Amino acid sequence: MKREDIEKVISELEALKVKTAAEVEEARVRFLGKKGEITALFEEFRTVDKDAKREFGAPLNELKKAAMAKIEELRESIVEIAAETVREDLSMPGYPLSLGSRHPVSIVRQEIVDIFRKFGYDVAEGPEIEDDYHVFEALNFPPNHPARDMQDTFFVSAGHPNPLLLRTHTSSVQVRTMETQKVPIRVVCPGRVFRNEAISARAHCIFHQVEGLYIDEGVTFADLKQAILLFAREMFGPETQIRMRPSFFPFTEPSAEVDVSCNICHGKGCNICKGTGWLEIMGCGMVDPNVLEASGIDSTKYSGFAFGMGIERIAMLKWQVNDLRHYFENDLRFLREFSTAVEV
Ligand code: DAH
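Being a predicted model, the structure only gives us computed values, none of them experimental. (Residues numbered from 1 in each chain as written. Predicted model: local features only at pLDDT ≥ 70, side-chain atom pairs only at ≥ 80, totals over all residues. Heavy atoms only, no water.)

## Considering the site of the ligand
Around the ligand, 16 residues are found, and the nearest of them are H169, S171, R195, Q209 and E211. One nitrogen or oxygen atom from the main chain of F307 is found 3.3 Å from an oxygen atom belonging to the ligand. When the free accessible area of the ligand is taken as 350 Å², the share hidden by the protein chains comes to 92%. Contributing elements (two or more residues each) for the shell around the ligand: α7 (171-180), β7 (206-216), β10 (278-287) and β11 (303-310). Residues belonging to the shell around the ligand are distributed by class as follows: 5 nonpolar, 9 polar and 2 charged. (Near = heavy atom within 4 Å. Polar contact = N/O pair within 3.5 Å; in protein donor to acceptor, adjacent residues only side chain to side chain. Areas by Shrake-Rupley, 256 points an atom, 1.4 Å probe, with all protein chains shown as cover. Helix = DSSP H or I, 4+ residues; strand = E, 2+ residues; numbered from the N terminus. Nonpolar A, V, L, I, M, F, W, Y, C, P; charged D, E, K, R; others polar.)

Here it is in structure tokens:
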């Protein structure tokens, strides 16, 4: 037995290169198998004299340990390569990922806007911090008229002839649209509105509305009724009926409140429609000539209709969520009800 025999095996081990698991196994057999090079050295070691035993015992054991470690290292490198291959294999099935979800208010806003887009309406937007003129005065609320109390207002700067305030309805966007666009006008105006209300299941200081406005020559109440009927059937189903009850808004004359037939009990009476068979969904009316004139539209030539609805109200009817606060608390257990898991 010679030192060179051991050194030769060490350099062979060092030079070892493998690409596959089968080659690792081949290398193990070549060095450590029954007829392997290292096994052969151990067999030879049994036959040598005492001095040689003392000389070669430790290096031989070292060699065996090193060989086992090397084989293990090679085996792991193969597993890593395999993992990388898996990552790059685009034909492998995907992992399901849960995505964030759209807020129920956005879902319903989009649905409402999409329905009116189909009817040829454009989308218009305006500022949330508005002035008194656009929220009240141009909409025929006379100065200091108690009608302003209908909508408890958050003022940003009071004591000014035209104070800044948080808009209480999206009807302000009607005014901005009439100021900037030429007739014919056909718009829906989705947005957030603010009212100084105590928060409860039925009222909130923030909510969302979609306003609608249609102005042209010869627009009548029959057009208004038809537009709302078509909308209601798209939104709540083809069997839906509507009814209009006389109402009052400073900016429309005549004005009406619109109910849709209850899509839950189909008119039989349930706790959602409180036994009436009808659900209130919006206010509407023919644009008051004063409102047209305030924004420079000739009321002797043109007429129009307007309507406004609460998005949360429609969402509540759609999903039978009867506490408004759910829409603003951002409780993930609630929001996840509207999420979808997708395969990517
Ligand atoms: N602005 C009203 C509100 O906030 C809703 C409304 C009613 C809008 C009648 C209209 C309308 O355009 O014609 O309660």
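After that view of the structure, there is still more to cover.
## Some words on the sheet that holds strand β3 (residues 129-131)
Taken together, 3 strands build an open sheet; the order of strands is β3-β5-β4 and the sheet is antiparallel. Two strands in the sheet have a free side with no partner beyond their single neighbour: β3 and β4 (155-157). On average, each strand axis in the sheet is inclined to that of its neighbour by 35°, with strand direction left out of account. Where β4 and strand β5 (residues 164-166) come together, 2 bridges link them in antiparallel fashion. Bridging from a neighbouring strand, S157 pairs with L164 of β5. (Pairing = 2+ DSSP bridges. Axes fitted to C-alpha atoms, helices over the stretch in contact; angles between N-to-C directions.)

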